[in-house]
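# Geometric and topological summary
Single-letter residue listing:
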Amino acid sequence: VSAGPVIPHDTPPAPARRTALPRARGPVSGILLEVVRCAPGMPVELPLVEATPALLADDDVQLALYLCYELHYGELAGVDDAWEWDPGLLAFRAVLERAFEGALRQAVPPAHAPPPPEVVPTALQALVAADDAPPLSRYVERRATREQVRELLVHRSAYQLKEADPHSWAIARLSGPPKAALVEVQADEYGGGRAERIHATLFAKAMAAVALDPRYGSYLERLPGVTLATVNLMSLLGLHRRHRGAIVGHLAAFELTSSLPNRRYANGLRRLGFGADATDFFDEHVTADAVHEQVAAWDLAGGLAHAEPQLGDDILWGAAALLQLEARWARRLLDAWERGESSLLAPRATSR
Ligand SMILES: [Fe+2]
Ligand SMILES: [Fe+2]
């Protein structure tokens, strides 16, 4: 007779995903933050948002979109959960999504025709190889201060504390070989059956080890639009079935650009005297993602291109969109640090 799972005494309960509502940053987040404090069903004013490249780093709009998506991942403190599927709020979100996608397609023009399925994996590798993103990981490895490394973790916390979740939306939308490949990667991201090895949990451990608050959502107030856009991209691609090619390409490019930078981040943390609790997350990705990049490029992206050849250009576009937003984000950090400033929003920033 099975005694059931043994839960060690020192395993803390999984913390709730509850994000405190931040302050509004402008008219668009202002509409959202006002309405979600009311009962669902309240009419939601539709904002005017233009699809311009500046939108990709707009503090106000990216915060509003981030909060719309957050209703699918966790609780917003004081907000009725029924807002998640409120038609008025979904219409509001659709306005932001159309503008965001329009801005992305201006920055990263889509290809005119899908590539042959068999070239998709090598085309992904070529995209990544040709990427000339600012050398953030090199800077962290060699020069960053302890405060700058802590900022890096604050920026990354918006995604890393829910790591893998946006790509998991796509599991239900795939079948056959690409579905099996995606689940293989995600199983590792979720710890392979060991809760303490869930990558989001390893990231929380790293935050605590560098004296940051590891609770979900605790730094939202400090995150600029350029950072929130990197997470909004994943939520946009993951939540819409028509973007299943792009979210697969996004994950493949994410894995292809992970192993080496994470080695450098770990080296930077060790250089600064941080211990194993701080570096575990990064060391884990050096080895895990050396495998994931193969599975994601060949079995997942290549497998989807074979199953649905018309998605080949979407797969490459999702990868290129990731590289584009990551480069803009890295540039913001390096530029701020070059000036001797913080790359985060000021603690009491309330407007653009
Ligand atoms: Fe991971
Ligand atoms: Fe991975």
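Residues numbered from 1 in each chain as written. Chains lettered and ligands numbered in written order. Predicted model: local features only at pLDDT ≥ 70, side-chain atom pairs only at ≥ 80, totals over all residues. Heavy atoms only, no water.

For the rest of this paragraph, the subject is the overall build of the protein chain. A tally of helices and strands in the protein chain yields 14 helices and 2 strands. For the protein chain, the spread of C-alpha atoms along the three principal axes comes to 60 × 50 × 45 Å. Taken across its 352 residues, the protein chain has 54% of its residues classed as buried. Restricting to contacts in the protein chain with at least 6 residues of sequence separation, those with at least 24 account for 82%. Here the protein chain displays about 15300 Å² of accessible surface, and carbon together with sulfur accounts for 56% of that area. (Helix = DSSP H or I, 4+ residues; strand = E, 2+ residues; numbered from the N terminus. Buried < 20%, exposed > 50% of the residue type's maximum accessible area, 1.4 Å probe, protein only. Contact = heavy atoms within 4.5 Å. Areas by Shrake-Rupley, 256 points an atom, 1.4 Å probe, with all protein chains shown as cover.)

Here we take up the coordination of the iron ion (ligand 2). The protein atoms that coordinate the iron ion (ligand 2) are Glu189 (OE), Glu255 (OE), Glu255 (OE), Asp289 (OD) and His292 (ND1), at distances spanning 2.1 to 2.5 Å. Here the iron ion (ligand 1) and the iron ion (ligand 2) are spaced 3.9 Å from one another, each receiving a donor from Glu189. Placement of Glu255 in helix α11 (residues 244–256) and of His292 in helix α13 (residues 276–307) is noted, with a sequence separation of 37 residues between them. Residue Glu255 shares its accessibility class with His292, and that shared class is buried. (Donors = N, O, S within 2.8 Å, 3.2 Å for Na, K, Ca; no water.)

With 111 residues, the main nonpolar core has Phe92, Phe100, Leu136 and Leu153 as its most contacted residues. Here this core takes 15 residues from helix α14 (residues 312–338), the largest share from any one element. Phe100 has contacts with Leu55, Leu56, Gln62, Leu65, Ala229, Asn232, Leu233, Leu236 and Leu325, leaving out every residue within four places of it along the chain. (Core = buried A, V, L, I, M, F, W, Y, C linked by side-chain atoms within 4.5 Å.)

Octahedral six-donor coordination of a metal ideally yields angles of 90 or 180 degrees, compared with 109.5 degrees for tetrahedral four-donor coordination. The iron ion (ligand 1) binds to the protein through Glu163 (OE), Glu189 (OE), His199 (ND1) and His285 (NE2), with metal-donor distances spanning 1.8 to 2.1 Å. Each donor residue of the iron ion (ligand 1) belongs to the same chain, and together they define the spacing E-x25-E-x9-H-x85-H.

Turning our attention to the packing of helix α1 (residues 27–35) against helix α3 (residues 87–107). In contact at an axis separation of 12 Å, α1 and α3 are set at 165° when each is read in the N-to-C sense. Looking at the two axes, α1 sits roughly antiparallel to α3. The handedness of the crossing between α1 and α3 is left-handed. Of the residues in α3, those in contact with Val28, Ile31 and Leu32 of α1 are Leu89, Phe92 and Leu96. Broken down by class, the residue content of the contact of α1 with α3 amounts to 6 nonpolar, no polar and no charged. (Axes fitted to C-alpha atoms, helices over the stretch in contact; angles between N-to-C directions. Parallel < 35°, antiparallel > 145°, perpendicular 65-115°, else oblique. Left-handed = near helix turned anticlockwise from the far one by under 90°. Nonpolar A, V, L, I, M, F, W, Y, C, P; charged D, E, K, R; others polar.)

Summary statistics for the protein chain give a mean pLDDT of 94 and a share of 95% for residues scoring 70 or more. Across residues 1–8, where pLDDT falls below 50, the model places 0 contacts with residues more than four positions away in sequence or in other chains. (pLDDT = per-residue confidence, 0-100.)

As a further point, take the packing of helix α2 (residues 59–73) against helix α10 (residues 225–239). Across the interface, α2 lies against α10 with an axial gap of 9 Å and an inter-helix angle of 45°. By the angle class used here, α2 and α10 are oblique. Seen from above, α2 lies across α10 with left-handed handedness. Note on element contacts: α10 touches α2 through Gly225, Leu228, Ala229, Val231, Asn232, Ser235, Leu236 and Leu239, opposite Asp59, Gln62, Leu63, Leu65, Tyr66, Tyr69, His72 and Tyr73. In terms of residue class, the contact of α2 with α10 is built from 10 nonpolar, 5 polar and 1 charged.

This part takes up the pattern of salt bridges. Enumeration over the complete set of coordinates arrives at 19 salt bridges. For the salt bridge of Lys162 with Glu70, the shortest nitrogen-to-oxygen distance reads 3.0 Å. Taken as a pair, Lys162 in the loop between α6 (146–160) and α7 (165–168) and Glu70 in helix α2 lie far apart in primary sequence, 92 residues in all. Judged on exposure class, the residue Lys162 and its partner Glu70 are both buried. A salt bridge links Asp213 to Arg215, with the shortest nitrogen-to-oxygen separation between them at 2.7 Å. Salt bridges sharing partners connect three or more residues here, namely Arg197, Lys205, Asp280 and Glu284. (Salt bridge = Lys/Arg side-chain N within 4 Å of Asp/Glu carboxyl O.)

Right, let's talk about the side chain of Gln62 for a bit. Take Gln62: it is sitting in helix α2. Judged by relative accessible area, which is 1%, Gln62 ranks as buried. Polar side-chain contacts of Gln62 include one of 2.8 Å to the side chain of Asn232. The contact partners of Gln62, leaving out residues within four places of it in the chain, are Leu55, Leu56, Phe100, Gly225, Leu228, Ala229 and Asn232. (Polar contact = N/O pair within 3.5 Å; in protein donor to acceptor, adjacent residues only side chain to side chain.)

Attention shifts here to the environment of Ala111. Here Ala111 lies in the loop between α3 and α4 (120–130). A relative accessible area of 47% places Ala111 in the partly exposed class. Sequence spacing of Ala111 and Asp314 is 203 residues, and the spatial spacing of their C-alpha atoms is 8.3 Å.

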